[in-house]
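Secondary and tertiary structure notes
Spelled out from the first residue to the last, the chains are:
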Amino acid sequence: MIQSPHLPTDAREIRRPALLFWRTACLHALLPLLFLAAASAATVRAYVQPDHAHTGQMVSYVITVQNGTVQNVPQLRLPVQVGMNSGISVSRNSEGNKLSVQLAWGIAGTEPGEFVIPPQEVLVNGEVLKTNEVRLIVTEPSAPAAPAGAAEDPNVPLFQIEVGKTEVYQGEVVPINASLFVPRNSVMLRRVGLIDVNKNDFAVARFPQQADQSETVINGVGYTVITYRSTLSALHAGDLKVGPATCELLFEVYDENIQRQLRSRMPLPFGMVMGGGASETRKQVVKSQEVKIKVLPLPAEGKPAHFSGAVGDFSISATATPNELNVGDPLAVDITIDGSGNFDALNPPSLMPPDGWKAYPPRRYNVDGPIDPNLTPTAQRRIGYSMVFVPEKVHSELPPFELSYFSPTQKKYVAARTPPIALRIKPGTLAAAATGTAEGGGTTEAPKPPPVQQPQPQISDILMNVPARAKWLDTTSASMPLTASARFWAIQSIPAMLVILAILFTWLRRRREEAARGLRGELRQLWRGLEESPLTDRDFLHRAAHFIHRSQPGEIQDEELRQIIRRYETQSFTAVPGSDQALGSGERDRILAKLTPLLKRAVAVLAVLGALQLHAAEPEASPDELYRQAREALEKGKFTQAQYLAESLTKQHPPALSAAVFTLIANARYRQEDLGRATLWYQRAQLLDPLNPEVRQNLRHLDEKLAFFRFSESSPLAEWSLLLTKNTWIITAAAGVWVILLAPLGWILAAPRRKGGSGAFALVFSLLGLMVLIPSATFAAVRPGPGERVKDVMVVTSRDVRAYTAATVTSGSIIDKDIPPGSQIRLLEKRGAWSYVEIPTSGEHVRGWIESAAYTPLWPWDMALVP
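Note that the coordinates shown come from a computational prediction; the quantities given were computed from them, not determined experimentally.

What about the packing of aromatic side chains?
As enumerated under the stated definition, the model contains 16 aromatic pairs in all. Measuring from ring centre to ring centre gives 6.4 Å for Trp681 and Trp861, while their planes differ by 55 degrees; the resulting arrangement is tilted. Of this pair, Trp681 sits in helix α14 (residues 675-688) while Trp861 is found in the segment after β37 (855-857), placing the two residues 180 residues apart along the sequence. Given a relative accessible area of 16%, Trp861 falls into the buried group. Connected via pairs of aromatic rings, a cluster forms that spans Tyr169, Phe307, Phe406 and Tyr413. Between Arg684 and the ring centre of Trp681, over which it is positioned, the NZ or CZ distance is 4.4 Å.

Topic: the pattern of salt bridges
Close approach of charged atoms allows side chains with opposite charge to pair. Applying the stated criterion across every chain yields a total of 20 salt bridges. The shortest N-O distance in the salt bridge between Arg628 and Glu625 comes to 2.4 Å. On the criterion of helical spacing, the pair formed by Arg628 and Glu625 is a turn pair, its members being 3 residues apart in helix α11 (residues 623-635). The structure contains a network of salt bridges with shared partners spanning Glu647, Arg669, Asp674 and Arg677.

Some points on empty space enclosed by the protein
For the structure on display, the rule yields 1 cavity of 30 Å³ or more. Around the largest cavity, the lining residues are Arg191, Gly193, Leu194, Glu248, Ala807, Thr808 and Trp834.

Brief notes about the nonpolar core
Membership of the largest hydrophobic core comes to 45 residues, with the highest contact counts inside it found for Tyr627, Phe662, Leu664, Leu702, Leu858, Trp859 and Trp861. Broken down by secondary-structure element, the contributors of at least two residues to this core are α11, α12 (639-650), α13 (659-671), α14, α15 (693-706) and β33 (793-796). The biggest single contributor to this core is α13, with 9 residues. Leu180, Phe202, Val204 and Val253 belong to the second largest nonpolar core, which has 32 residues in total.

Calculation criteria
Residue positions are given per chain, counted from 1 along the sequence in the order it is written. Owing to the predicted nature of the model, reporting of local features is limited to residues with pLDDT of at least 70; listing and counting of side-chain atom pairs is limited to 80 or more, with chain, interface and lining totals taken over all residues. Side-chain measures here rest on the full set of heavy atoms in the structure, leaving out hydrogens and waters. Two aromatic rings from Phe, Tyr or Trp, using only the six-membered ring of Trp, form a pair when their centres are within 6.5 Å; if the ring planes differ by under 30 degrees the pair is stacked, by over 60 it is edge-to-face, and anything between is tilted. Put simply, DSSP H or I for four residues or longer makes a helix, DSSP E for two residues or longer makes a strand, and each gets a number counted from the N terminus. Relative accessibility decides the category of a residue: with a 1.4 Å probe and only protein chains considered, values under 20% of the type maximum give buried, values over 50% give exposed, and everything between is partly exposed. Charge over a ring is defined by NZ of Lys or CZ of Arg lying within 6 Å of the ring centre and within 35 degrees of the ring normal. Any Lys or Arg side-chain nitrogen found within 4 Å of a carboxyl oxygen on Asp or Glu counts as a salt bridge. A cavity, in this analysis, means grid points on a 1 Å lattice covering only the protein atoms where a 1.4 Å probe fits yet has no way out; a pocket is instead an open set bounded by protein on both sides within 12 Å along at least five of seven lines, and a residue lines either one if it has an atom within 4 Å of a point. Grid points are joined across faces, edges and corners, and a volume is the space filled by probe spheres set on the points. Only buried residues count toward a nonpolar core, which is a set of Ala, Val, Leu, Ile, Met, Phe, Trp, Tyr and Cys residues joined through side-chain atoms within 4.5 Å.

Have a look at this one:
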């Protein structure tokens, strides 16, 4: 062994920071290797999806092989009561360093009961591995009830939805089935569109393309039943309704001859079989019934401190490698969570207690590989977390990990813990060296601590700070650039006079608009029509009769008014002698004199009614009061109430819009796990207040969680110009012009007492004005208008949204993953339930078809209100 020479004390002091540096570098280099080592062992697992089925219903038996190569296809050993309905399908997935192969078969139970599928043997990497046994529960289907609409048209498929439970907890995942009843002897189904369920109160997983098929008879009519299965969870508590669900179908209806031959089981002529004009093609949207569900809130009593909103039944296990290490060495931990429930609400389990351990950010993955969107969604899943911990002192074990959730079966909160993992941790090299020096009685100074690193931002939640008072956006008049306003240029020349004239003009204009509005305005307009000249007798009498009918609703009692109407009817609609007798000027004046008090009385009555309506509207809560109530509800944790109160402000006429209100709604949506709509409201708030630090930070946090798409400005200048409103840039440019003009003006006026440096002083002021004018005018010119920023811009608010090459789920996909909630898209064309959109991906923008129900307009109000 080569021994290092003795170094002086100062040399050893120099080596210790170097050792710290190399240890840190080795730690970061070992992290990927530890993840790979933890995932290197090949494993096999079997499961049935779903594990409850009716007799004859096909389910998927899946074997997942993790981190290994399958060298033979196993011959399935199944119970006698379970048969194989389809051959094997193989899919390969990779997620980071996790490699998996899925082998899937279609199986079905032939009779009711609980059956155990024994372990299967699979040859992986030259070694025979056995799967776990799986249980399949098969029940008899209940007697089918007649779906809604069964008697309306016997040639239209019927649509019905079923929910697994009618009393659930908020966030609990329950199955939902959508069944199409297709008449066997009269209809041939060609295409099934996307099944759409109202998602305002529920989070509904996408219905897959795979469906179960069976047959039934209802009221003597034979149906082929096609059942699609998915899951849903309630977003809030209350008495809610699921549905109605809709689906667009393309089908053919046979004519009576074919239907009669199909019912009699007679062979069809060749021309009819080939579709030679013997059927009618229809395209129709079918609608299901509604299902009432009672959603219970999660109890406040007994809620754990680390509860993240997960509802279900879960189990947790953990492994750690290596078991022997030194202080400061990395420890790779793999945590597996298995069970059924709302996995999207799970957070990484917490180390209890975490003292003396340095944790690195975890990585989440699906143990069985990525979820296949073509398979039926199920609440049963298995996820894993890869984590790295570094011991900062000597420990004898790794403490337990705790997972908090609410169990709907036990109806209480559960805190599941892993058992502690025994470890052998030795003191690190530096710690041992320091201990040895102290024991030897030397006078060596203690090693210098490593340099303190500046903390890096790691945002883990949104900021809930909203101002006490809201700054309201003026929605009564559209905002326009000051350069387009005559008032702006008038203020530059004669401020006082033109301001007074503008106020007077506005007051008169509003008076005219109020006078022309409603029935009063209509009566005044009709009166002006009576006073027009020249006017024929027929037109005069027609307008007089119209005026009488509008000012006297109901039956007319006054005899003179009835005579005017009879004169009009005789003049216009009869041909008796004397009916076309001309009106004299005196007779016209008499009619006008009769109608004048009628006009005054109607206008006075309408004015009183308007005042009464105004007085009756006064007790309504003001926007400031509603905002205060919403803010108090948010602070008390009543997020749904805060959301409804704040959103009611945006639905008023005119709407009460404010960046503070938008931020409050976004905070409430975030706390309800509605991240797509939370991002939407934060983006709306940023349109009104682009420099708000809380909004910018919360959007950054959501972007880190969702990685949503967003349109960027065309140039850096356009992006910088959005920091201030266009009017602010115009005012700044105008100030620069004033500085440029006043500097030489002052220099000229000061000519009698001018000194040598006054010219330079004027030049400096002129240059300062130019420095203000040029960038301000440039930013005002390039700043995008409201229409460019929000026109046709939509925000994806739903989960599991895919972009397709055509308006059908069976077509190809545009992006390899779902479009993240909160992503901006531009609407190009809307066609029924589908929309053709542009998606701003990181590279070149792409276009495709998505569901119209999956997005919400970024700015649904008047575009001119955008600053």
